[in-house]
Amino acid sequence: DAKTTQPTSMDCAEGRAANLPCNHSTISGNEYVYWYRQIHSQGPQYIIHGLKNNETNEMASLIITEDRKSSTLILPHATLRDTAVYYCTVSGGSYIPTFGRGTSLIVHP
Amino acid sequence: DSGVTQTPKHLITATGQRVTLRCSPRSGDLSVYWYQQSLDQGLQFLIQYYNGEERAKGNILERFSAQQFPDLHSELNLSSLELGDSALYFCASSVGHLNTEAFFGQGTRLTVV
């Protein structure tokens, strides 16, 4: 599976969009990009995934660049409850979610 | 609520002891994953079962074992416990084993004293 790189931490004002980047420059053609988040010591929560097209659901939007080497998770109107560690993972075929250190997002009032 | 149930929520035990953690996957999910999360190691994949068969192994110690039963629930057995085994243990489930999202339980916090 391709390796991912994320910033260690970010912050965002409440009500603003939070844009979390992920680099996956070694991604191969059949690998999907997944995003999860973990709110302090709770179980990780699935957010969204995509292959090459942009995706949107009730939680977030996922923008994947045309060359698929990077992606951005967008929380359109961040709230204090969105404070969490966000993990970007890449996998193709037999999928085993694997997690790096992720990005610690702090949403402040 | 992810639909994945883990019991117990908390467990305190002594070094050298053996414990069993239980996981009930979401209804219809055939794949179960186990993870360990300690402060210094992050989320580490331990093992995956799919429809009763072991499918993939990660950084699972020989003192640890798991199984998935015909009703698809899974158990993680930890033996000869050491202080360093103190961690959060998460179970996740997914429908299959190919490109499909996983849903995590709330974890079991194990403290070895």
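Procedures and definitions
- Residues numbered from 1 in each chain as written.
- Chains lettered and ligands numbered in written order.
- Predicted model: local features only at pLDDT ≥ 70, side-chain atom pairs only at ≥ 80, totals over all residues.
- Heavy atoms only, no water.
- Helix = DSSP H or I, 4+ residues; strand = E, 2+ residues; numbered from the N terminus.
- Rg over C-alpha atoms; globule rule 2.2 N^0.38 Å.
- Contact = heavy atoms within 4.5 Å.
- Areas by Shrake-Rupley, 256 points an atom, 1.4 Å probe, with all protein chains shown as cover.
- Lys, Arg positive; Asp, Glu negative; His and termini not counted.
- Charge placed at Lys NZ, Arg CZ, Asp CG, Glu CD.
- Buried area = accessible area lost by both parts, 1.4 Å probe.
- Polar contact = N/O pair within 3.5 Å; in protein donor to acceptor, adjacent residues only side chain to side chain.
- Nonpolar A, V, L, I, M, F, W, Y, C, P; charged D, E, K, R; others polar.
- Pairing = 2+ DSSP bridges.
- Axes fitted to C-alpha atoms, helices over the stretch in contact; angles between N-to-C directions.
- Phe/Tyr/Trp six-rings, centres within 6.5 Å; stacked < 30°, edge-to-face > 60°.
- Buried < 20%, exposed > 50% of the residue type's maximum accessible area, 1.4 Å probe, protein only.
- Salt bridge = Lys/Arg side-chain N within 4 Å of Asp/Glu carboxyl O.

**Describing the overall build of chain A**
Consideration 1: The helix and strand tally for chain A stands at zero helices and nine strands.
Consideration 2: The secondary structure elements of chain A, listed N-terminal to C-terminal, are β-β-β-β-β-β-β-β-β.
Consideration 3: A compact globule built from 109 residues would reach a C-alpha radius of gyration of about 13 Å, and chain A, at 13 Å, matches this within 12%.
Consideration 4: For chain A, the spread of C-alpha atoms along the principal axes amounts to about 40 × 30 × 25 Å.
Consideration 5: Excluding contacts between residues fewer than 6 apart, the proportion of contacts in chain A whose partners are at least 24 apart in sequence is 56%.
Consideration 6: Counting every atom, chain A has about 5,400 Å² of accessible surface; 49% of that belongs to carbon and sulfur.
Consideration 7: Side-chain charges of chain A comprise 8 positive and 9 negative groups, with the mean position of each set lying 4 Å from the other.

**Side note on the interface of chain B and chain A**
Consideration 1: Listed by partner, the interface residues are 24 residues for chain B and 21 residues for chain A.
Consideration 2: The junction of chain B with chain A conceals about 1,800 Å² of combined surface from both sides, 51% of it contributed by carbon and sulfur atoms.
Consideration 3: At the boundary of chain B with chain A, the tally comes to three residue pairs in polar contact (both at pLDDT 80 or more).
Consideration 4: Taken together, the elements giving at least two residues each to the side of chain B that touches chain A come down to strand S4 (31–38), strand S5 (42–50), strand S6 (53–57) and strand S9 (87–94) of chain B.
Consideration 5: Residue contributions to the side of chain B that touches chain A peak at four residues, all from S5 of chain B.
Consideration 6: In the side of chain B that touches chain A, the residues fall into 11 nonpolar, nine polar and four charged.

**Focus: the environment of Asp-82 of chain A**
Consideration 1: Following the sequence through the fold, Asp-82 of chain A ends up in the loop between strand S7 (70–75) and strand S8 (84–91).
Consideration 2: In terms of polar contacts, Asp-82 of chain A uses its side chain to reach the side chain of Arg-37 of chain A, at 2.8 Å.

**Considering the sheet that holds strand S1 (residues 5–7) of chain B**
Residues and elements named next belong to chain B.
Consideration 1: Sheet architecture is open: four strands sit in the order S1-S3-S8-S7, paired in antiparallel fashion. Of all strands in the sheet, those with a lone pairing partner are S1 and strand S7 (64–68), marking the two edges. Strand after strand, the sheet turns through a mean of 15° between neighbouring axes, direction not considered.
Consideration 2: Examined bridge by bridge, S7 and strand S8 (residues 74–78) share five bridges and lie antiparallel to one another.

**Section: the packing of aromatic side chains**
Residue and element names in this part refer to chain A.
Consideration 1: Summed over the entire model, instances satisfying the criterion amount to 11 aromatic pairs over all chains.
Consideration 2: Taken together, a centroid distance of 5.8 Å and an interplanar angle of 75° make the contact between Tyr-36 and Tyr-46 edge-to-face. Taken as a pair, Tyr-36 in strand S3 (residues 32–38) and Tyr-46 in strand S4 (residues 45–50) lie far apart in primary sequence, 10 residues in all. Of the two residues, Tyr-36 and Tyr-46, neither departs from the other in class, the shared state being buried.

**Re the pairing of S8 of chain A**
Residue and element names in this part refer to chain A.
Consideration 1: With seven of eight residues buried, S8 is to be regarded as a mostly interior element.
Consideration 2: Two strands pair when backbone bridges link them, and S3 and S8 are joined in this way by seven bridges, in the antiparallel orientation. Residue pairing for S8: Val-33 is matched across the bridge by Val-90.

**Regarding unusual backbone geometry**
Consideration 1: Between Thr-7 of chain B and Pro-8 of chain B the backbone carries a cis peptide bond, its omega angle lying at -10°.
Consideration 2: Residue position: Pro-8 of chain B is located in the loop between S1 and strand S2 (10–13).
Consideration 3: One non-glycine residue, Arg-68 of chain A, adopts positive backbone phi at about 65°.
Consideration 4: Note on placement: Arg-68 of chain A falls in the loop between strand S6 (61–64) and S7.
Consideration 5: We classify Arg-68 of chain A as buried; its relative accessible area is 9%.

**A word on the pattern of salt bridges**
Working definition: two side chains of opposite charge can pair if their charged atoms are close together.
Residues and elements named next belong to chain B.
Consideration 1: Enumeration over the complete set of coordinates arrives at five salt bridges over all chains.
Consideration 2: Arg-63 is paired through a salt bridge with Asp-85; the nearest N and O atoms lie 2.8 Å apart. Of this pair, Arg-63 sits in the loop between S6 and S7 while Asp-85 sits in the loop between S8 and S9; the two residues are 22 residues apart in sequence, bridging distant segments of the chain.
Consideration 3: Judged by relative accessible area, Asp-85 falls into the buried class, the value being 3%.

Everything listed here is a matter of coordinates, which is why it stays silent on function.
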